[in-house]
Amino acid sequence: MMYHSKKRLINPLIGAVFVALLASVLWVTGGAEATAVEISKATRTVPLNNAGEQITLTTDQLAIGQKKFNGSCASCHLDGTSKPNPDVDLGAQRLANAIPPRNSIESMIDYLENPTTYDGLTSIEELHPSLARSDLFPQMRDLTEDDLVAIAGYILVQPKIIGDQWAGGKPRR
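Residues numbered from 1 in each chain as written. Predicted model: local features only at pLDDT ≥ 70, side-chain atom pairs only at ≥ 80, totals over all residues. Heavy atoms only, no water.

**Student:** Describe the packing of helix H3 (residues 59-72) against helix H7 (residues 145-162), naming the residues involved and giving the relevant values.
**Tutor:** Contact geometry of H3 with H7 gives a least axis separation of 7 Å together with a crossing angle of 95°. With respect to their mutual orientation, H3 and H7 come out roughly perpendicular. Note on element contacts: H7 touches H3 through Asp147, Val149, Ala150, Ile151, Gly153, Tyr154, Ile155 and Val157, opposite Gln61, Leu62, Ile64, Gly65, Gln66, Lys68 and Phe69. Each residue belonging to the contact of H3 with H7 can be placed in one class, and the counts come to 9 nonpolar, 4 polar and 2 charged. (Axes fitted to C-alpha atoms, helices over the stretch in contact; angles between N-to-C directions. Helix = DSSP H or I, 4+ residues; strand = E, 2+ residues; numbered from the N terminus. Parallel < 35°, antiparallel > 145°, perpendicular 65-115°, else oblique. Contact = heavy atoms within 4.5 Å. Nonpolar A, V, L, I, M, F, W, Y, C, P; charged D, E, K, R; others polar.)

Below is the structure:
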C-alpha cells in the first residue's frame, strides 16, 4: 500500500520535470534536432572592444564557446575560477580591472594570443596557454579566430546567465 502512494507522488513529479525540460529546449529543423536553451538577445550581447562597440553572439556561437572552453580552458578555469592564481578569476569585475581591461571580445582574444600578468607588465606566454606558444600548449593549436570569439563570448556571457555561480561563487553542481 505504501509503495502505491509513493508511486502516485513520483509519477506526476517526473512528468512535470519532463514537461519543464521539454519546454525549455529550442527545437530546430522540424523537431529533428535539439540545440540549446533559448538565451535572450540582451544576454548574448557583449562588448566587442574597449571603444564601446557591442556584438550579439548566436546561440550556436555560445554552444561552440562552451565546448571549446571546456576542452581548452576548464582544466584551470572551471566555473570561471583560476586554479593557478585564485586571486585572478574570469568574473566580470576582475576582467574589467585588468590592465589592459579584458572585458571585451577583442581584448580577450588579444590575451589568448599574447597573455600577460594581471597588471599587463610581464608576458606569461610560457605559463599560460596561448596561440603564441601552441608548441607548449597543444590544446591551442587548432583554435580558429571564430573559436576564439566563441570562447571569449562564452566567458563574457556566463556572469549574465549563472550570476554569482561564475568565477568563485558556490557551484550548484
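What follows continues from the structure just given.
**Student:** Describe in detail the packing of aromatic side chains, supporting the description with residues and values.
**Tutor:** In this description, a pair of aromatic rings is defined by centroid distance and the angle of the planes. Evaluation of the coordinates by the stated rule reveals 3 aromatic pairs. Considering the side-chain rings of phenylalanine 69 and tyrosine 154, the 5.3 Å spacing of their centres and the 45° angle between planes classify their relative orientation as tilted. Taken together, the positions of phenylalanine 69 in helix H3 and tyrosine 154 in helix H7 put the pair 85 residues apart, joining distant regions of the chain. Each of the two residues, phenylalanine 69 as well as tyrosine 154, counts as buried. Note on tyrosine 154 and tryptophan 166: the rings are 6.0 Å apart at their centroids and 90° apart in plane angle, and the pair reads as edge-to-face. One end of the pair, tyrosine 154, is in helix H7; the other, tryptophan 166, is in the segment after H7, and 12 residues separate them in sequence. (Phe/Tyr/Trp six-rings, centres within 6.5 Å; stacked < 30°, edge-to-face > 60°. Buried < 20%, exposed > 50% of the residue type's maximum accessible area, 1.4 Å probe, protein only.)

**Student:** Tell me about the pattern of salt bridges, residues and numbers included.
**Tutor:** Counted by the stated rule, this structure contains 4 salt bridges. Across the pair arginine 102 and aspartate 110 runs a salt bridge, and its minimum N-O distance is 2.9 Å. Put simply, arginine 133 and aspartate 135 hold a salt bridge, and the shortest N to O gap is 2.8 Å. Since its relative accessible area comes to 19%, arginine 133 is described here as buried. Each of the salt bridges in this network shares a partner with another, and the network as a whole consists of Glu126, Arg133 and Asp135. (Salt bridge = Lys/Arg side-chain N within 4 Å of Asp/Glu carboxyl O.)

**Student:** Give me the lowdown on the nonpolar core, citing residues and values where you can.
**Tutor:** Inside soluble globular proteins, nonpolar side chains tend to come together where they are buried. Counting 26 residues, the largest nonpolar core has Phe69, Ile105, Ile155 and Trp166 as its most contacted members. For this core, the secondary-structure elements that each account for two or more residues are H3, helix H6 (105-113) and H7. With 8 residues, H7 is the single largest residue contributor to this core. Not counting residues up to four positions away in its chain, the partners in contact with isoleucine 105 are Val46, Pro47, Leu48, Ile55, Val149, Ala152, Gly153 and Leu156. (Core = buried A, V, L, I, M, F, W, Y, C linked by side-chain atoms within 4.5 Å.)

**Student:** Quick rundown of the packing of H6 against H7? Include the residues and the values.
**Tutor:** Running from amino to carboxyl end, H6 crosses H7 at an angle of 115°, the nearest separation of the two axes being 9 Å. Classified by chirality, the crossing of H7 by H6 is right-handed. Residues Ile105, Met108, Ile109, Leu112 and Glu113 of H6 lie in contact with H7, whose contacting residues are Glu145, Leu148, Val149, Ala152, Gly153, Ile155 and Leu156. (Left-handed = near helix turned anticlockwise from the far one by under 90°.)

**Student:** How would you explain the state of the cysteines if you had to name every residue and give the values?
**Tutor:** Applying the stated criterion across every chain yields a total of 0 disulfides. You can see cysteine 73 has no disulfide; the closest cysteine sulfur is in cysteine 76, sitting 9.0 Å from it. On the basis of relative accessible area, cysteine 73 is assigned to the buried category, the value being 13%. (Disulfide = S-S within 2.5 Å.)

**Student:** Explain the side chain of asparagine 49 to me, using residue names and the numbers behind them.
**Tutor:** As for its position among the elements, asparagine 49 is in the loop between strand E3 (45-47) and strand E4 (54-56). Here alanine 51 takes part through its backbone nitrogen, which lies 3.0 Å from a polar atom of the side chain of asparagine 49. At 3.2 Å, the side chain of asparagine 49 and the backbone nitrogen of glycine 52 are in polar contact. Not counting chain neighbours up to four residues away, the residues in contact with asparagine 49 comprise Ser104 and Glu106. (Polar contact = N/O pair within 3.5 Å; in protein donor to acceptor, adjacent residues only side chain to side chain.)

**Student:** Give a detailed account of the environment of aspartate 146, specifying residues and quantitative values.
**Tutor:** Within the secondary structure, aspartate 146 is located in helix H7. Sequence separation of aspartate 146 and glutamine 61 is 85 residues, and the distance between their C-alpha atoms is 8.4 Å.

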